[in-house]
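Examining the three-dimensional arrangement
One letter stands for each residue in the lines below.
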Amino acid sequence: MSVRGIVAGVRVWIAGALVAALLVAVLAGTGARASIGNARDRLIETVESWRAPSFAVPAGWPKPVYDFSGNPVTRAGFALGRRLFYDPQLSRDGSTSCASCHQQFAAFAHYDHPVSHGIRNQNGTRNAPGLFNLAWQPALMWDGSVHHLEVQPLAPISNPVEMDESIEHVVAKLSADDTYKKDFAAAFGSPGIDSQRLLKAMTQFVGTMVSAGSRYDRYTRGEPDALTATERDGLALFRARCASCHAEPLLTDFSYRNNGLDAAPRDRGRETVTAKEGDFARFRVPSLRNVALTPPYMHDGRYDTLEQVVDHYADTVQPSPTLDPQLAGGVTLDAAQRAALVAFLKSLSDERFVHDRRYAEARR
Amino acid sequence: MHALSFPVRLAAAGSLAMAAVLLAGCGGGGSAPAAPAPVLELDQVWAGKPFALNEAVTTPAGEEFTATRLRYYLSGFRLRRADGTWFEPKTDAQSSEGYVLVDAAEPASAKFALPAAPVGEYSGLEFRVGVDDPRNNAGAQTGALDPAKGMFWTWTTGYIHFKLEGRSPASPEPEQRVTLHVGGDGLSRTVYLLFATKPLKVAEGLQPTIHVVVDVASFFGGEVPLKLADTHTVMDGPHAVPLADRYVGLFRVDHLHHEPAAARP
């Protein structure tokens, strides 16, 4: 057994012993049943927090785009990022946090909301995407308008229909809060709250959200039984018909394409960023990881189910000048193939990621 | 980078005296510079008269315009030596040093020290209006580059290099608003100003100041004057190219000034 193994073993043992000791204390002390659940939650929280947050590249994955060497992940920096992610103070009226539209159970997408739903009950124009594996994403947003992970939070914070706040004012609000003063000092080694520290801490939180634990991943790492026969058929179809854009292992090639949703698209998509005609109605190819957890689908959230999505590619691709040539005429898929494809897409859910308590709201 | 390039330049110059000057200026890194850093003083004018926010003027296209905000970044300062080589200060990717945000609402922002330069004579100054592409894409920054300064686009990544806002009866926008924001990759512009009449001297005990006139009217002028009736709202990179090409003409050297430096502690 390696030294690391021994240390880990001892840690687990200590954790177990503490859990037992604390449970005994709780049971002996109050006897109240309600508090047992509460104490158990707090214990789980404590034990989970010992798993230090870190950033690791899964085996066989490419080099990430975001370089953590300029923003080393620390326990305190990560904890601060986590606090900020769940803090509605980042919005103008204290109503809306990042987590309002990025829910962990939905792989940090906005479950059941076609477009993001922000402050004062306003709707945005695009579907809030899941958040995971962002360190590999060269640009963010459906149109790739944000080029760097660190500055990404500035967009929803200042968008009038999302959080409608200015970063300047957020920094002022946090600077007036003694607990934040303490958290920032702990995260960066000296007192001071500014936008750079805020953004770097948030990046430590969202940038370390790595999702590579689906059954599909276990299958590709040499566990043939991780996928059923139907799912394996679906994977073969996926590789033949879908993976030219949804490239493995991240299940996106990070390009921008028009997938034929409309003959006369209303949202100009990437053209708003590049001002190039050829980018009209092109949107970022999203990763399909956790896709079964992130309905609805497409940049405008028009489809509620994976079946509808697959049917779109097979039956309803609309021609338009910027339609991706690979989709012209649609993708030929019979009923059995569609079912296999959907079965495969459902194997892409990473249950461990969506239940990782380090990414849930902290109890304070 | 400089450690490598300087010997090459020295060989070309073939001057030992020059070498001593250069090494004194560049060597050590941590040591205090031998001479006071040149100061750049910007005199913002409108066609020869002092430029002021909230005062109506007439543009070269004959339109009335009242500026309410004028802010721009200057960066990438380097000085040209008499022999044609450049003194280029070291930059630190982690620091916003060398990036200056000039704000017409804050007169103090129009006068600032340039990076300390080695003792010698210089024939010109080059700088960038705006923020360079690498820094534009480098993530969260501090100081002059703090996004809280209001010069960073949030709906798309990138610094606003140059921001001119105001009102004009020519604008069809609500409240006659004029919003000219030039920003994003590829839209900073480099300006070279030649010290035509005499060189800039950097020496111990001497405080050199470069007085530069920034004629805001020239932004609206040129061969094809800017018409606010047509161009009143520009807030994205691709449509700002014609505007970016205008701000280069804003700057001209008025005069250089050398005076005894205050005794340094």
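Small disclaimer: the values here were computed from a predicted structure and weren't measured.

1. Comments concerning the overall build of chain A
Looking only at helices and strands, chain A features 14 helices and 2 strands. When burial is assessed residue by residue, chain A has 49% of its 364 residues classed as buried. Within chain A, contacts between residues separated by at least 24 positions form 68% of all contacts whose residues are at least 6 apart in sequence. Total accessible area on chain A stands at roughly 17,100 Å², and carbon and sulfur atoms take up 56% of it.

2. Structural notes on unusual backbone geometry
Residue and element names in this part refer to chain A. A cis geometry characterises the amide bond from glutamate 248 onward to proline 249, with omega recorded as 0°. The residue proline 249 is located in the loop between helix H10 (229-241) and strand S1 (256-257) in this model. Residues proline 295 and proline 296 are joined by a peptide bond in cis, for which omega reads -5°. Positive phi values are uncommon outside glycine, yet methionine 141 reaches one of about 80°.

3. Focus on the pairing of strand S11 (residues 177-183) of chain B
All names here are of chain B. Among the 7 residues of S11, 6 are classified as buried, and the element is accordingly described as predominantly covered. Where strand S10 (residues 158-167) lies against S11, 7 bridges are found, and the strand directions are antiparallel. Residue phenylalanine 162 lies in a different strand from S11, and its bridge partner there is valine 182. Sheet analysis places S11 next to strand S15 (residues 233-234), joined by 2 bridges and oriented parallel. Its bridge partner being in S15, leucine 180 is matched across the sheet by valine 234.

4. A look at the side chain of aspartate 143 of chain A
Residues and elements named next belong to chain A. Looking at the secondary structure, you find aspartate 143 in the loop between helix H4 (98-101) and helix H5 (154-158). Within the structure, aspartate 143 has its side chain in polar contact with the side chain of serine 145 (distance 2.9 Å). Excluding anything up to four places from it in sequence, aspartate 143 contacts Arg126, Tyr256, Gly269, Arg270, Thr272 and Val273.

5. Focus: the environment of threonine 228 of chain A
Residue and element names in this part refer to chain A. With respect to the element layout, threonine 228 can be found in the loop between helix H9 (215-220) and H10. For threonine 228, a relative accessible area of 40% puts it in the partly exposed group. Placed 119 residues apart in sequence, threonine 228 and serine 347 show a C-alpha to C-alpha distance of 9.3 Å.

6. Notes on the packing of aromatic side chains
Applying the stated rule across the entire model yields 32 aromatic pairs over all chains. Look at phenylalanine 78 of chain A and tyrosine 359 of chain A: their rings are 5.3 Å apart centre to centre, the planes differ by 80°, and that puts the pair in the edge-to-face class. Of this pair, phenylalanine 78 of chain A sits in helix H3 (residues 75-85) while tyrosine 359 of chain A sits in the segment after helix H14 (351-354), and the two are 281 residues apart along the sequence. In this pair, the class of phenylalanine 78 of chain A matches that of tyrosine 359 of chain A, namely buried. Centre to centre, the rings of phenylalanine 152 of chain B and tyrosine 159 of chain B are 4.8 Å apart; their planes meet at 75°, and the pair counts as edge-to-face. Overall, the relative accessible area of 8% leaves phenylalanine 152 of chain B in the buried class. The class of tyrosine 159 of chain B is buried, set by a relative accessible area of 1%. Through a chain of ring-to-ring contacts, three or more aromatic side chains come together here, namely Trp46, Phe65, Tyr72, Phe77, Phe112, Phe127, Phe162, Phe219, Phe220, Tyr247 and Phe251 of chain B. Positioned over the ring face of tryptophan 86 of chain B is arginine 78 of chain B, at 3.8 Å from the centre of the ring.

7. So, helix H7 (residues 178-188) of chain A
Residue and element names in this part refer to chain A. When we look at burial in H7, the residues that qualify are Tyr180, Asp183, Phe184 and Ala187. Projected onto a plane normal to the axis of H7, the buried residues spread over an arc of 100° and lie on a single side. Residues of H7 that are exposed and point over 90 degrees away from its buried face: Asp178, Lys182 and Ala186. The positive-phi residue at the C-terminal boundary of H7 is glycine 189, with phi of around 80°.

8. A short note on the interface of chain B and chain A
On the side of chain A, 19 residues touch chain B, which itself brings 18 residues to the contact. Buried surface at the junction of chain B and chain A, both sides included, amounts to about 1,600 Å², of which 56% is carbon and sulfur. Per-residue buried area on chain B facing chain A is highest for Ala140, Thr154 and Thr157 of chain B; these three make up 33% of the total on that side. Linking chain B to chain A there are 0 salt bridges.

9. Focus on the side chain of asparagine 127 of chain A
Position of asparagine 127 of chain A relative to the elements: it lies in the loop between H4 and H5. Reaching out from asparagine 127 of chain A, the side chain makes a polar contact with the backbone oxygen of methionine 298 of chain A at a distance of 3.0 Å.

10. Topic: the pattern of salt bridges
Residue and element names in this part refer to chain A. Tallied over the entire structure, the rule returns 33 salt bridges over all chains. Across the salt bridge formed by glutamate 165 and lysine 173, the nearest N and O atoms sit 2.8 Å from each other. Here lysine 346 ties to glutamate 307 by a salt bridge, and the two come within 3.7 Å at their closest N and O atoms. Residue lysine 346 is found in helix H13 (residues 335-346), and its partner glutamate 307 is found in helix H12 (residues 306-316); the two are separated by 39 residues along the sequence.

11. Description of the confidence of the model for chain B
On average, residues of chain B carry a pLDDT of 86, and 86% of them reach 70 or more. Predicted confidence is poor over residues 1-31 of chain B, with pLDDT under 50, and the contacts of this stretch with residues over four places away or in other chains come to 22 contacts.

12. A word on the nonpolar core
In terms of nonpolar packing, the biggest core is built from 60 residues, with Leu84, Phe85 and Leu198 of chain A touching the most fellow members. In this structure, leucine 84 of chain A is in contact with Leu90, Cys98, Leu174, Tyr180, Phe184, Leu198, Ala201 and Met202 of chain A, ignoring residues within four places of it in sequence. Counting residues in each nonpolar core, the second largest holds 53 residues, with Ala35, Trp46, Leu187 and Val214 of chain B among its members.

Analysis parameters
All residue numbers refer to position in the chain's written sequence, counted from 1. Lettering of chains starts at A and numbering of ligands starts at 1, both following the order in which they are written. For this predicted model, a pLDDT threshold of at least 70 governs which residues receive local features, and a threshold of 80 or more governs which side-chain atom pairs are given and counted, while totals over whole chains, interfaces and linings are taken from all residues. Hydrogens and waters are ignored; side-chain quantities use all the structure's heavy atoms. Counting from the N terminus, the helices are the DSSP runs of H or I reaching at least four residues and the strands are the DSSP runs of E reaching at least two. For the exposure calls, accessible area comes from a 1.4 Å probe over protein chains only, and a residue counts as buried if that area is under 20% of its type's maximum, exposed if over 50%, partly exposed in between. By definition, residues are in contact when any of their heavy atoms lie within 4.5 Å. Only the protein chains shown count as cover for residues, and the accessible areas themselves come from Shrake-Rupley with a 1.4 Å probe. Think of it this way: DSSP has to see at least two bridges between two strands before they count as a pair. Polar contacts, as counted here, are pairs of nitrogen or oxygen atoms within 3.5 Å of one another; within protein the pair requires one atom able to donate a hydrogen and one able to accept it, and residues that are adjacent in sequence qualify only if both atoms are side-chain atoms. Ring geometry is summarised as follows: Phe, Tyr and Trp rings, the Trp one being its six-membered ring, pair when their centres sit within 6.5 Å, and such pairs are stacked at plane angles under 30 degrees, edge-to-face over 60 and tilted between the two. In this scheme, the term charge over a ring applies when either NZ of a lysine or CZ of an arginine sits within 6 Å of the ring centre and within 35 degrees of the ring normal. It is the directions from the helix axis to the C-beta atoms whose arc is reported. Here the quantity called buried area is the accessible surface, traced with a 1.4 Å probe, that two parts lose on coming together, added over both. The salt bridge definition used is simple: a Lys or Arg side-chain nitrogen within 4 Å of an Asp or Glu carboxyl oxygen. Known as pLDDT, the predictor's confidence for each residue is given on a scale from 0 to 100. In these notes, a set of buried Ala, Val, Leu, Ile, Met, Phe, Trp, Tyr and Cys residues joined through side-chain atoms within 4.5 Å is what counts as a nonpolar core.

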